[in-house]
Structure formats: structure tokens, C-alpha cells
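If you want the building blocks of each chain, they are given just below.
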Amino acid sequence: MEKLKTLGQNYFDIITFIIILTIKFCIYSIYILEGYFSFRANLLPILASVFVLCSITLLFKPNHRAKLLYGFNIVLTLIIVSDLVYYGYFRDILCIPVLKNGIMLGPVKSSIFNLFKPKFLLFLFDLVILPFLYFKKINHKENTLRFRLVSFIILFAISGSISGYQIYKLNKEQPRLLTTMFNRIYIAKTLGNFNFHLLDVYNFTSQQIQKSKALPAGREAAIQSFLNAKDNSPKTSNLKGTGVKKNLIIIQVEALQGFALNTKINGQEITPNLNRFAKKSAYFDNYFYQVASGNTSDAEFMTNNSLYPAAQGAVAYLYYSNEFNSLPKALEKNGYSTSTLHGYKEDFWNRSVMNKTEGFDSFYGEKSFNIDESIGLGLSDKSFLTQALDKLSKLQSPYYSLLITLTSHFPFDNVEKYGSFDVGSFEGTLLGNYMKSIHYTDKQLGDFLDKLSENGTLDNSILMLYGDHYALPKEEQNNLNQLLNLTDTSALAWMQLQKIPMLIHFPQDSNSGVNHLYGGEMDLYPTVANLFNLPTKDLLGKDLFNSTIGKVIFRNGSFTNGKTFYLSQSNSFYDIETKKPINETPELKNEKETSENILQYSDDILNHNLLKTFNKTSK
Ligand code: GP9
Ligand code: MN
């Protein structure tokens, strides 16, 4: 008993730190997890991070240790309170890009006093009392350096491995999450507040290191001459200027894959409305998504910049402070108002920051919508598109508006809310649920497009519609083959299933027809640039109406020219028509190198903020 008492006295600072910080982190988690907190799932990451911090302080003599623990407590409490204040407004967690940018804090600054709830003061309570308890003169037993070192190593190894294992597990479960940090709440929930902020610091620092690496001599000039040569190459001028002074409406549909169009299940079309609209539009049926780890945000980024996504991580998170010659900026120079609409959390994919960087006048996120009906992730497409109709009607013309839908988001399991759609033998499968989900979204898009047609908007607009990325993982290939009456399970066949529809609708349904040119998300902006007479120099994609070669480069180095497919994962070439592997020819080798160079140029532009440099020199 006496021994226990001495132990308690000697380690009073550590014991109080563990108890207090665990309580603070638990309260924080209960608050941000809004009803989803469970001790079973959330206590371990919290304890692990608290013990990691304790282990570090064990290296110090008791008096210094208490000071350090007190210091940690102050810093962590400030982080917790700032996070909670920020969460109160943005329903997200603070991170360095947001802090550095400062833009996000705009609306908070004015209401900081409203957001700071008096109950948050309770977090500071212990900080007032602890100095009296920690720093009164007690004759602590001085531990030897050897003892301190050993206890540090043991505690650090145990708690560090628990944290490490949780990071490893999260990375396996969601491979892109740790570098892209697209869902910050989820990271904080799984790893705890402290590890979240540690990860944020790590990602931010590694990005700074990437940026600080100097470009090889002559690279900047090589990029400049590549861009100039590309822009000055002879071109046809199909449909040039057709869109001038007209509105530009772009609809990016969540997980809309190409196979959904014009496919029937049990005699019913999966997407009857889009099929109908495709007939009235220029329909590109060999159009690919080109996203990388930034997923939806990469699709938005390519649409607005015609630059490739980042090699790792998401541009929206890594390069939000770069200068871009984006589509909204180019149209704004021509007198357009610009807006983007998405009925989900403003901070997801760092959109609040990135949309400012891209130069959008307005971003209508979750807070700008009445969340009156939720399906899956959030606001239903039905409600979103109905409210969007009203918002569009109030925009100053001519306008560019980018709408991003949400309901057809993986894992498509809110089936009871999609309405009835018979998927026959696919009932209960991921593919079956996807068909139900995309059938629902198709209905909402159909209603939306009909209303735009009735109110005359379509006669005065160019409207583009495409899917952002895949819906189905490779494990669904057999089901998909069964649906589409295919038998091929090769890598090439899977690649050919990675198409998304691209519909471009013109007033009076003009220029309609199917176009088989190979293309992808990188080509949207150059196509718009031709239609709206915008500069094209810095765009790395091609104009769909004035290209004869269907070159599409994917982020992993795979590419196609419409005749040949190169798959980088197996370093092999295939003839698209015969579907057979072919040998590398000098021309193909050259094409492969050119594709790699273009990806490198795009990375250089991002890593070294080169558009800013180029813009300065061209002034
Ligand atoms: C949420 C939506 C989903 O805002 O864009 O993103 P995703 O998970 O598809 O990349
Ligand atoms: Mn998406």
C-alpha cells in the first residue's frame, strides 16, 4: 500500500495527464462523431497517442517532466478547443492548408464569439489548477538515466506500435485516405485527434520538400516550348466560338460509368433519361475518367484546368495555393459569372479553399442547401437538382456553373430510398445496387434537364455531362461481364470498361450524334476553350471537336491513341481492334516517352507553381 502511495506521488504528473487528456480527447470525439462514438472503437487510438506523449516525457527528470506534460496539455487543449470551434461552423477539422490559406476562416472570424461556447472553458479548468499541484516542492525520487531511457523505450514501443498498426490498418482499408486526407473526420475518428494532426504536419512537410527540389536545368524552357509548339500546331476550327455569350452548364455525375447508358436489365433501360438526352447531344462513347487518388476532386480539377492529377495525393489538398489558369478565371475575363454547386460538406476535398483558388465567384455547398432529404452520403440528388434549378435561375448571365451530384456514391446501399427498379438476378449484388442507384440519379437528371429545356435555358446554353470516375471495383468484373454479355476478363477488357459518358448538348439539339473519338476528362477544358474562344496554351488535353488522334494519357503512365492501348502495369501494348498484345515499335516507344514527359511537365507545373512564373513573364 505504502509502495503504491509513493508510486502515485512519484508519477502524479503522468497519472493526471493520462486521465485528463483521455477525458478531453473522449469529449472531443463524442462531439465530432455526433452519436457514433464508442469506447470500444475510439478509446484505443486515444490511449495510444496519450501514452506516446507520456513516454517522451519519461526521458526527463521529474521536475522537467511535469513542466513538459503541462506544456503538452496546454498545446493539446488549444488544438482541441480550436478544432471544436472550427467544427461548430464547418463540421470538419482544422488542418494546416486551411490555416495557412486563411480563406476558410473568413466567415468564422466574425462569429468566433458565437462559436466559442462557454462550456469549452471547462477544457481549460485543469490548466489553472495543475500548476499548484505539479510545481509544489515534493522530494521526487530521482531516476537514473538508464531507468528513464528503458521506461521510455518500453512505453514508446508499445504505444507507438498500437498507433502505427492503426495507421497501417486504415491505409489498407482506404489506401488513398492518408495522403489525400479527403475525409478528415474519418481519419480523426480512426486515429484520434493527436495522430490526425501529426499526419497533417507530415503531409504538409513532405509537400514542402517536394516543392523545394530544384527543377533540372532547362526543364522550364522545355515545358515552355512544348506548350508553345502544342498551341501553334495547325488546327481545324469545327464549332469554334459556338458557345460565345452562351451559358456553360457542366454536370459532373457521381460514379456514372459508360456501360450504364444504353444497357437494359430485364428489358428496362438503366438510364432511360440519359439515353434520351444522349440522342439530342454530341455523345462521346469512348471517353475515359483519368482520376488518380484525388478521385472526385481530380475530376473537378481536370475539368477546370486540363492539368493531370497529382502523382500522389490530391491536388486540392497539396496545391491549393498555386496559381492556375482555370476555366472559371478565363470565362470571368469574358464577363461570365461563375459558380459551383455541390450539396455536401464544404470542406470535403478541401473544396472551400480549392474553389477559391480556381476563381469561382460562388460555391454553393451543403450550407447553401436545405437538407430536406438525405440519401447515402447526404442531400439527395432530387432535392439538390430541384434547389439547383432555382439557384441557376438567379445567376447573372452569361454564367458558367458546375454542378456535382452525390447520391450515386459507393457503396450504393441505401437501396430502399432509390425507388423500385428490378435488377433481376443482380438483386443484392454491388452491381445490382449500383444499377438501382444510377437509375435513381438518371431520373433526377432527366427531370432537371426537362425543366431546363422547358424554361428555355437549354436554348441559351451549352451543357456538358459526364461521370467523375468508376463505380465498381475489379471484383465485379464477372457480374459486369454477365450483364453486358461479355466473356473477356483480361486487363485490357477491364480498362475498356473504365469509360464514362460525355454528352455535349447544344441549343436546339444541334450537332447531335455519336462520336467514337477516344478522349477523357483532360479534354473537357480544351473543348470548351474552342467553343467559347478561350486561350488554350496551358491546357494539356485536346479539343474533342478538332482532333483526329484519340490520345488519352492516364496518371499511371498507361495511354491509348484510339488504336493501341499501352498498359503501364504490365508494360505491354495491345491492338484495340484485335485485342491482342503487340510488340513495341519505335513509334510506340516514342509515344510512351512523350506521355511520360507530359505527365512530368504537369507534375513540374504543380510542384513549382510554374503557371504563376509563366503568367508573370508573359505580362
Ligand atoms: C463528396 C463527393 C465524394 O463531396 O465528392 O467524393 P469521392 O469519394 O467520390 O471522391
Ligand atoms: Mn466521386
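Residues numbered from 1 in each chain as written. Chains lettered and ligands numbered in written order. Predicted model: local features only at pLDDT ≥ 70, side-chain atom pairs only at ≥ 80, totals over all residues. Heavy atoms only, no water.

Take helix α24 (residues 610-618) next. If you check which residues of α24 are buried, you get L610, L611, F614 and N615. Along the long axis of α24, the arc covered by the buried residues comes to 135°, so they all point the same way. Seen from the buried face of α24, the exposed residues on the opposite side, beyond 90 degrees, are K616 and T617. (Buried < 20%, exposed > 50% of the residue type's maximum accessible area, 1.4 Å probe, protein only. Helix = DSSP H or I, 4+ residues; strand = E, 2+ residues; numbered from the N terminus. Arc of directions from axis to C-beta.)

For ligand 1, the full set of nearby residues is E254, N295, T296, H342, Y344, F348, W349, R351, L406, H409 and H469. A distance of 3.2 Å separates an oxygen atom of ligand 1 from a polar side-chain atom of E254. Within the side chain of H469, one N or O atom sits 3.1 Å away from an oxygen atom of ligand 1. Coverage of ligand 1 by the protein amounts to 97% of the 310 Å² it exposes when considered alone. Judged by the proximity of its atoms to the pocket grid, ligand 1 belongs to the largest pocket. Tallied by class, residues from the shell around ligand 1 come to 4 nonpolar, 5 polar and 2 charged. (Near = heavy atom within 4 Å. Polar contact = N/O pair within 3.5 Å; in protein donor to acceptor, adjacent residues only side chain to side chain. Areas by Shrake-Rupley, 256 points an atom, 1.4 Å probe, with all protein chains shown as cover. 1 Å grid on protein atoms, 1.4 Å probe; cavity = no way out; pocket = protein on both sides within 12 Å on 5 of 7 lines; lining within 4 Å. Sits in = over half its atoms within 2 Å of the grid points. Nonpolar A, V, L, I, M, F, W, Y, C, P; charged D, E, K, R; others polar.)

The next subject is the packing of aromatic side chains. In the structure shown here, the tally under the stated rule is 29 aromatic pairs. Taken together, a centroid distance of 6.5 Å and an interplanar angle of 80° make the contact between Y70 and Y134 edge-to-face. Taken together, the residues Y70 in helix α4 (residues 62-90) and Y134 in helix α7 (residues 125-134) connect sequence positions 64 residues apart. In this pair, the class of Y70 matches that of Y134, namely buried. Here F348 and W349 contribute two aromatic rings whose centre-to-centre distance is 6.3 Å and whose plane-to-plane angle is 90°, an arrangement assigned as edge-to-face. Owing to a relative accessible area of 12%, F348 belongs among the buried residues under this scheme. Through successive ring pairs, a cluster of aromatic residues spans Y31, Y87, F116 and F120. The side chain of K391 reaches across the aromatic face of F369, ending 4.7 Å from its centre. We note K551 situated over the ring of F559; from NZ or CZ to the ring centre the distance is 4.9 Å. (Phe/Tyr/Trp six-rings, centres within 6.5 Å; stacked < 30°, edge-to-face > 60°. Lys NZ or Arg CZ within 6 Å of the ring centre and 35° of its normal.)

On to the coordination of the manganese ion (ligand 2), then. Every protein donor of the manganese ion (ligand 2) is accounted for by E254 (OE), E254 (OE), T296 (OG1), D468 (OD) and H469 (NE2), and the metal-donor separations fall at 2.1 to 2.6 Å. Taken together, the 6 donor atoms coordinating the manganese ion (ligand 2) span angles of 54 to 167° at the metal, a pattern that classifies the geometry as irregular. One chain supplies every donor for the manganese ion (ligand 2), spaced along it as E-x41-T-x171-D-H. Linking T296 in helix α14 (residues 295-305) with H469 in the loop between β10 (461-467) and α20 (477-484), this pair joins segments that are 173 residues apart in sequence. T296 sits in the buried class, given a relative accessible area of 6%. (Donors = N, O, S within 2.8 Å, 3.2 Å for Na, K, Ca; no water. Tetrahedral: all angles 85-135°; square planar, octahedral: opposite > 155°, others 65-115°.)

With that out of the way, let us pick up the packing of helix α3 (residues 39-57) against helix α8 (residues 145-173). Between two packed helices, what matters for the description is the angle formed by their axes and the separation of those axes. It is at 8 Å that the axes of α3 and α8 come closest, and there the two elements cross at 145°. In this structure, the crossing between α3 and α8 has a hand that is left-handed. Contact residues: L44, P45, A48, S49, F51, V52, C54, S55 and I56 in α3; F152, L155, F156, S159, G160, I162, S163 and Q166 in α8. Residue composition of the contact of α3 with α8, by class: 11 nonpolar, 6 polar and no charged. (Axes fitted to C-alpha atoms, helices over the stretch in contact; angles between N-to-C directions. Left-handed = near helix turned anticlockwise from the far one by under 90°. Contact = heavy atoms within 4.5 Å.)

Glancing now at the domain arrangement of the chain. Considered domain by domain, the chain is made up of domain 1 (2-210) and domain 2 (226-592). The distance between the C-alpha centroids of domain 1 and domain 2 comes to 41 Å. (Domains from an automatic or database assignment.)

Relative to the assigned elements, F72 resides in helix α4. In sequence terms F72 and L53 are 19 residues apart; their C-alpha atoms lie 7.9 Å from each other. If we skip the residues at most four places from it in the chain, F72 touches F17, L53 and T57.

Below, the discussion takes up unusual backbone geometry. Put simply, S397 and P398 share a cis peptide bond, and its omega is -10°. By secondary structure assignment, the location of P398 is in the loop between α18 (381-393) and β9 (399-404). Of note, the bond from F410 into P411 is cis; its omega dihedral lies within 30 degrees of zero at 5°. Relative to the elements of secondary structure, P411 occurs in the loop between β9 and α19 (430-454).

Take the sheet that holds strand β15 (residues 564-567) next. Adjacent strands of a sheet pair through backbone hydrogen bonds, lying either parallel or antiparallel. Spatially, 5 strands are ordered β13-β14-β15-β16-β17 in an open sheet, and the strand pairing comes out antiparallel. Edge positions in the sheet fall to β13 (552-553) and β17 (581-582), since each of these pairs with one other strand and no more. Pairing geometry for β15 and strand β16 (residues 572-575), over 4 bridges, is antiparallel. Pairing of L567 across the sheet is with S572, part of β16. (Pairing = 2+ DSSP bridges.)

All right, on to the layout of surface pockets then. In this structure, the largest pocket spans a volume of roughly 1,400 Å³. What lines the largest pocket is a set of 45 residues, among which N183, Y344, F348, L377 and H409 lie closest to the centre. Sorting the residues of the lining of the largest pocket by element identifies α2 (12-33), α10 (184-191) and α14 as the ones contributing at least two each. Per-element accounting of the lining of the largest pocket gives the leading share, 4 residues, to α10. The residue inventory of the lining of the largest pocket, partitioned by class, reads 22 nonpolar, 11 polar and 12 charged. A domain-level breakdown of the lining of the largest pocket finds at least three residues from each of domain 1 (2-210) and domain 2 (226-592). Volume-wise, the second largest pocket comes out at about 980 Å³. The wall of the second largest pocket is formed by 34 residues, among which K230, S233, G541, K542 and S547 lie closest to the centre. Residue assignment for the lining of the second largest pocket shows that the elements contributing at least two residues are α12 (219-232), α22 (524-532), β13 and α23 (586-607). The element best represented in the lining of the second largest pocket is α12, accounting for 4 residues. A per-class count over the lining of the second largest pocket returns 13 nonpolar, 12 polar and 9 charged. (Points joined across faces, edges and corners; volume = space filled by probe spheres on them.)

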